[in-house]
Amino acid sequence: MVNNELETKIVEWSKRFIKKLNDYELIEIIDKKNLSKFNSEILKKFSEYSNWDFTHDFTLLLKKKKIDKKNKDKEYELILINRENKSIGLRSIGEIMSYNRICDPMYSFLVSDKGHSNEISYFMINETFRDKLIKFNNKSLIIFSFEEGSSKVKDNSIIPPNLKGLLND
Amino acid sequence: MKKTTSLFYLLGLICGKGYILEKSISINFPHHKKIVEGIAHCPKCGFLATKTINSTETTLKCKNSSCDNSRGGIDPNIKKKYYQRELFSKSINENVIPFLKSNLEFDYSLLASNAVTILTLKNLNIDTLRFIKEFFDNKTSFDRFEINQNLNSEVNELKIEFVNGLLDSCSYPSAGGWLNRDGQNGHARMRSYFQIVRNWKLPIQIDNFLRDNFNIPTAKFDWGHPNIRDSNLQDYLNQNKTSFAREHQVGFFPEYFKQFKYRVSPKIELFKELLDHNLKVNFLNDDDWLKTKKKITTGKIKPNHPMEFDYRIPKEVRGHFDAEWQINLALGCKYLKEIQRKSKNPEVFRISGELDEEDLSKVKSYYKEISENKFTNINLDKKKKKKSIKSLEKKISEQQTYKPLCDWLKNYIEENLGEDSQVFDTSAQTLNNYLRTNLDNFSIIEEKIKNLEDFEIRPDVVGISSTTNKIFFIESKIVSLGIKEVGQLWAYSVVANPETSFLISTKEISSSLLNIISNNKSFLNFAEDKKIQIGMLKKNGNVDIYNGE
């Protein structure tokens with residue numbers, strides 16, 4: 001159940017974000033459920049889903065509209081989103097990165113209205129550290145905040161900055 | 001592809017508790033209790049001897065009312081004790097692996113905790129792996145596997161080995177699960193159980209497979225459904241709302257399973273104890289659940305339960321049920337469907353178990369009304385169960401673990417590096433501040449940790465070896481270690497790059513984490529050739545490392 005303003009913003013933004021992914025349609029938004037125990041036949045099509053014994057904030061379940069078997073396209077994809085009501089620190093990055101390294105989602109987002117904490121500023125600007133912390137399987141965790149009073153992404157909050165284009169509304 | 005007994009035994013193991021990965025197969029053998037006990041028989045008359053549940057009595061009572069021991073006095077130590085972790089590992093190595101190897105080629109590894117032993121098979125023949133994947137319709141986990149219909153047409157010895165695999169992976173002979181029955185020479189009919197986790201199709205398929213192929217009845221179903229597991233809402237009222245969502249159970253009597261064989265201890269020994277007891281007592285009825293009366297009388301109608309539509313329950317059985325057999329029917333039991341076909345109104349039968357009644361709306365409204373009334377009569381504001389003071393006293397706080405962990409880490413560094421060390425409980429402040437204040441030779445290691453100056457890295461315990469200045473982290477927990485806990489320490493370790501990073505709990509590692517680390521060797525890596533070490537703090541201050549090299 002969506003229980004605060006940030007979560008409402010995330011759901012609104014997620015729907016807009018998926019619409020921009022022309023090749024995919026949104027099947028379901030799963031909120032705060034242990035994925036290994038969630039009864040979804042689609043989720044169970046992912047190999048090793050039964051090891052996904054964790055509960056995070058949002059899982060977006062997507063279906064590819066057209067499958068090219070030659071390219072070994074995956075029919076279903078996941079997007080993981082965690083939110084923080086405080087500023088983002090190493091622990092929250094480590095937590096969602098563990099999920100990413102197990103689930104290999106298409107995208108992974110960590111969202112906070114307060115941005116990232118001072119403690120991790122250094123790592124976010126130091127590319128070597130940043131890559132170690134937020135890269136998984138040639139993809140990257142994306143950290144961002146919303147603008148006050150709206151579900152528009154704050155442009156200068158996006159980490160890593162080279163993925164700003166992906167989040168442009 | 002040669003179909004061998006080893007292959008079908010492996011299929012049974014996988015079906016019960018296996019994972020099929022791209023190139024490997026893992027089978028979990030859970031054993032949550034450290035010790036399990038066998039049956040106690042009265043030394044005087046040979047009847048079953050038991051202890052009254054929740055009583056403070058220290059001796060056992062004989063179930064024979066005419067025996068002198070019927071009021072107690074039997075020493076509980078007459079029960080055999082089985083140490084599960086050791087026995088599981090030993091028997092998997094000595095019985096399971098050799099039998100599998102007799103017809104299959106593979107490499108394997110065993111990983112064990114106090115709660116589970118995980119067998120991982122790698123480098124299986126490509127055709128074998130393909131056959132296994134196709135047998136399970138390319139599903140990957142035991143909570144989705146079904147019994148392939150083609151198995152019914154295989155020769156008997158292959159079917160038997162499939163059941164043997166199921167018995168070893170997901171059945172649990174237990175001295176406590178007896179049925180209250182008198183036999184010709186005693187009392188209590190022992191039952192063993194298939195315990196099936198999250199898979200709602202397999203229980204009925206096991207039952208129907210045994211009936212179809214071996215003409216064997218099962219004794220009892222117990223579903224992880226709120227109406228069955230928490231029918232009076234006691235757990236719900238005690239704020240344990242999801243307690244219903246445990247494994248499903250299919251009970252069976254050992255005497256019908258004599259043609260099958262366990263290879264895993266202590267299941268072998270316990271099954272024999274149960275079988276010997278039942279054969280000696282000698283029961284004349286088969287006590288088949290299918291043959292019991294299905295009519296649900298008013299007294300058996302269950303109150304509505306607020307969790308009946310919970311997401312953990314599959315759609316077919318989301319809703320209200322008054323009896324286990326109704327769930328069996330909803331999930332496709334063909335023998336029940338035959339009975340249903342003979343009823344005057346199948347829908348009336350589904351709701352009430354009545355074979356001769358036809359008026360559906362009358363039955364529907366009656367059962368609905370009773371369920372609603374019973375629910376209304378339950379006081380949902382009933383006071384929450386008081387937490388036992390004793391249990392709170394027993395709980396160890398995280399803070400209390402720091403001192404023993406400091407001592408342990410100091411020893412660890414000495415044993416592994418041959419160096420003295422300085423070990424600190426740094427939970428109260430940042431590593432950097434702590435070291436600057438407490439370390440005499442801070443300047444020596446300043447270079448090493450200069451990048452951590454403002455990063456507020458807070459593992460609970462930090463050790464620094466005195467000669468080579470290597471850094472060690474411990475993150476302490478008092479919960480079962482899972483993926484989340486690893487993640488939290490992982491980020492600290494990536495940044496600080498300690499020599500070794502330990503994640504240690506007073507509780508057992510979760511089986512899901514154990515599965516992940518046995519199948520994904522890099523999951524715990526935080527730097528090249530460095531991985532988080534997962535451990536358990538024992539009461540004597542020692543730490544057992546699960547993934548030590």
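Residues numbered from 1 in each chain as written. Chains lettered and ligands numbered in written order. Predicted model: local features only at pLDDT ≥ 70, side-chain atom pairs only at ≥ 80, totals over all residues. Heavy atoms only, no water.

J.: So what exactly am I meant to see when it comes to the overall build of chain A here?
T.: Counting its regular elements, chain A contains 5 helices and 6 strands. Taken from N to C terminus, the helices and strands of chain A fall in the order α-β-β-β-α-β-α-α-β-β-α. Taken against the 2.2 N^0.38 rule, which gives 15 Å for 169 residues, the C-alpha radius of gyration of chain A at 16 Å falls within 12% of a compact globule. The principal-axis extents of the C-alpha atoms in chain A amount to approximately 45 × 35 × 30 Å. Going through the 169 residues of chain A one by one, you find that 56% of them count as buried. Long-range contacts, defined as pairs at least 24 residues apart, comprise 63% of the intrachain contacts of chain A with a sequence gap of at least 6. By element, 45% of the accessible surface of chain A is carried by carbon and sulfur atoms, the whole surface being about 7800 Å². (Helix = DSSP H or I, 4+ residues; strand = E, 2+ residues; numbered from the N terminus. Rg over C-alpha atoms; globule rule 2.2 N^0.38 Å. Buried < 20%, exposed > 50% of the residue type's maximum accessible area, 1.4 Å probe, protein only. Contact = heavy atoms within 4.5 Å. Areas by Shrake-Rupley, 256 points an atom, 1.4 Å probe, with all protein chains shown as cover.)

J.: I would appreciate a short explanation of the overall build of chain B in the present structure.
T.: Scanning chain B for helices and strands turns up 18 helices and 22 strands. Taken along its principal axes, the extent of the C-alpha atoms in chain B is 90 × 60 × 55 Å. Burial analysis of chain B (549 residues in total) assigns 55% to the buried set. Contacts spanning at least 24 positions in sequence make up 68% of the contacts within chain B whose residues lie at least 6 apart. Carbon and sulfur atoms provide 46% of the accessible area of chain B, an area that totals close to 25700 Å².

J.: How should I be thinking about the environment of Ile27(B) in this particular structure?
T.: Residue and element names in this part refer to chain B. Take isoleucine 27: it is sitting in strand 2 (residues 24-30). Given the relative accessible area of 0%, isoleucine 27 is considered buried. Taking the C-alpha atoms as reference points, isoleucine 27 and cysteine 15, 12 residues apart in sequence, are found 9.2 Å from one another. In this view, isoleucine 27 contacts Leu10, Leu13, Ile14, Lys17, Gly18, Thr117, Ile118 and Leu119; residues no more than four positions away in its chain are not counted.

J.: Would you explain the packing of helix 1 (residues 5-17) of chain B against helix 4 (residues 156-170) of chain B in this entry?
T.: For any two helices packed against each other, one specifies the inter-axial angle together with the distance between the axes. Residues and elements named next belong to chain B. Across the interface, helix 1 lies against helix 4 with an axial gap of 6 Å and an inter-helix angle of 35°. The chirality of how helix 1 crosses helix 4 is right-handed. For the pair helix 1 and helix 4, the contacting residues are Thr5, Phe8, Tyr9, Leu11, Gly12, Leu13, Cys15, Gly16 and Lys17 in the first and Glu157, Leu158, Glu161, Phe162, Asn164, Gly165, Leu166, Asp168, Ser169 and Cys170 in the second. Here the contact of helix 1 with helix 4 is composed, by residue class, of 9 nonpolar, 6 polar and 4 charged. (Axes fitted to C-alpha atoms, helices over the stretch in contact; angles between N-to-C directions. Left-handed = near helix turned anticlockwise from the far one by under 90°. Nonpolar A, V, L, I, M, F, W, Y, C, P; charged D, E, K, R; others polar.)

J.: Quick question: what am I supposed to make of the pattern of salt bridges here?
T.: Close approach of charged atoms allows side chains of opposite charge to pair. Residues and elements named next belong to chain B. Enumeration over the complete set of coordinates arrives at 37 salt bridges over all chains. We note a salt bridge from aspartate 310 to arginine 312, for which the minimum N-O separation is 2.7 Å. By relative accessible area, aspartate 310 is classed as buried at 12%. Each member of the salt-bridge network shares a partner with another, and the members are Arg181, Arg189, Glu255 and Asp287. (Salt bridge = Lys/Arg side-chain N within 4 Å of Asp/Glu carboxyl O.)

J.: Help me out: how do you make sense of the sheet that holds strand 2 (residues 58-64) of chain A in this one?
T.: The pairing of strands in a sheet comes from backbone hydrogen bonds and takes either a parallel or an antiparallel form. Residues and elements named next belong to chain A. Strands sit in the order 1-2-3-4-6-5 across an open sheet of 6 strands; the sheet is mixed. Each of the sheet's edge strands pairs with one partner strand only, and the pair in question is strand 1 (24-31) and strand 5 (135-136). Sheet topology note: the strand 1/strand 2 ladder contains 7 bridges and is antiparallel. Bridge pairing in strand 2 places isoleucine 29 opposite leucine 60. Together, strand 1, strand 2, strand 3 (76-84), strand 4 (107-112) and strand 6 (139-144) form the strand contacts of helix 1 (residues 5-20), whose direction differs from that of strand 3 by roughly 150°. (Pairing = 2+ DSSP bridges.)

J.: Would you mind showing me how to read the nonpolar core here?
T.: Most often, soluble globular proteins keep nonpolar side chains buried together rather than apart. Formed by 89 residues in total, the largest nonpolar core has its most connected members in Leu100(B), Phe194(B) and Phe257(B). For Phe257(B), the contacting residues outside a window of four places in its chain are Val163(B), Leu167(B), Phe194(B), Leu210(B), Ile216(B), Phe252(B) and Phe271(B). Residues Trp52(A), Phe54(A), Leu111(B) and Phe523(B) belong to the second largest nonpolar core, which totals 58 residues. (Core = buried A, V, L, I, M, F, W, Y, C linked by side-chain atoms within 4.5 Å.)

J.: Help me understand the interface of chain B and chain A, please; the structure alone is not making it clear to me.
T.: Size of an interface, as often reported, equals the accessible area lost when the parts are brought together. The interface of chain B with chain A comprises 38 residues on the first partner and 32 residues on the second. Of the roughly 3200 Å² buried at the junction of chain B and chain A (both faces included), carbon and sulfur atoms supply 57%. Taken together, the connections running from chain B to chain A amount to 2 salt bridges. Put simply, Glu475(B) and Arg91(A) hold a salt bridge, and the shortest N to O gap is 2.6 Å. At the surface where chain B touches chain A, the tally comes to 12 residue pairs in polar contact (both at pLDDT 80 or more). The set of elements that each furnish at least two residues to the side of chain B that touches chain A consists of strand 17 (471-477), helix 17 (483-496) and helix 18 (511-519) of chain B. Element by element, the count of residues in the side of chain B that touches chain A is highest for helix 17 of chain B, at 10 residues. Considering only residue class, the side of chain B that touches chain A consists of 17 nonpolar, 10 polar and 11 charged. (Buried area = accessible area lost by both parts, 1.4 Å probe. Polar contact = N/O pair within 3.5 Å; in protein donor to acceptor, adjacent residues only side chain to side chain.)

J.: Whenever I open this one, the side chain of Gln340(B) confuses me. Can you help?
T.: Turning to its location among the elements, Gln340(B) is positioned in helix 10 (residues 334-341). Apart from the residues within four sequence positions on either side, Gln340(B) is in contact with Leu329(B), Pro346(B), Phe349(B) and Arg350(B).

J.: Could you clarify how one ought to interpret the pairing of strand 7 (residues 107-112) of chain B in this entry?
T.: Residues and elements named next belong to chain B. Note that strand 7 and strand 8 (residues 116-122) share 6 bridges and pair antiparallel. Within strand 8, the residue paired with alanine 112 across the bridge is threonine 117. Connecting strand 7 to the antiparallel partner strand 8 that follows it, the hairpin turn spans 3 residues.

J.: Got a minute to help me understand the sheet that holds strand 7 of chain B in this structure?
T.: Residues and elements named next belong to chain B. Pairing within the open sheet is antiparallel, and its 4 strands lie in the order 1-2-8-7. The open sheet has two edge strands, strand 1 (18-20) and strand 7, and neither has a second partner. The sheet shows a mean angle of 15° between the axes of neighbouring strands, direction not considered. Where helix 1 meets the sheet, it contacts strand 1, strand 2 and strand 8, and its direction lies at approximately 65° from that of strand 2. Helix 18 contacts strand 1, strand 2, strand 7 and strand 8 of the sheet and is inclined by roughly 25° relative to strand 8.

J.: Would you explain the pairing of strand 16 (residues 461-465) of chain B in this entry?
T.: Each regular strand carries side chains that alternate between the two faces of the sheet. Residues and elements named next belong to chain B. Within strand 16, 5 of the 5 residues are buried, leaving the element largely enclosed by the surrounding structure. Across the two faces of strand 16 the burial is the same, with Val461, Gly463 and Ser465 and Val462 and Ile464 all buried. Alignment of strand 15 (residues 421-425) against strand 16, held across 5 bridges, turns out to be antiparallel. The residue bridging serine 421 from the neighbouring strand is serine 465, located in strand 16. Strand direction decides the pairing type here: strand 16 and strand 17, joined by 4 bridges, are antiparallel. What sits directly across from valine 461, in strand 17, is isoleucine 474. Count of turn residues in the strand 16/strand 17 antiparallel hairpin: 5 residues, of which asparagine 469 carries a positive phi of about 55°.

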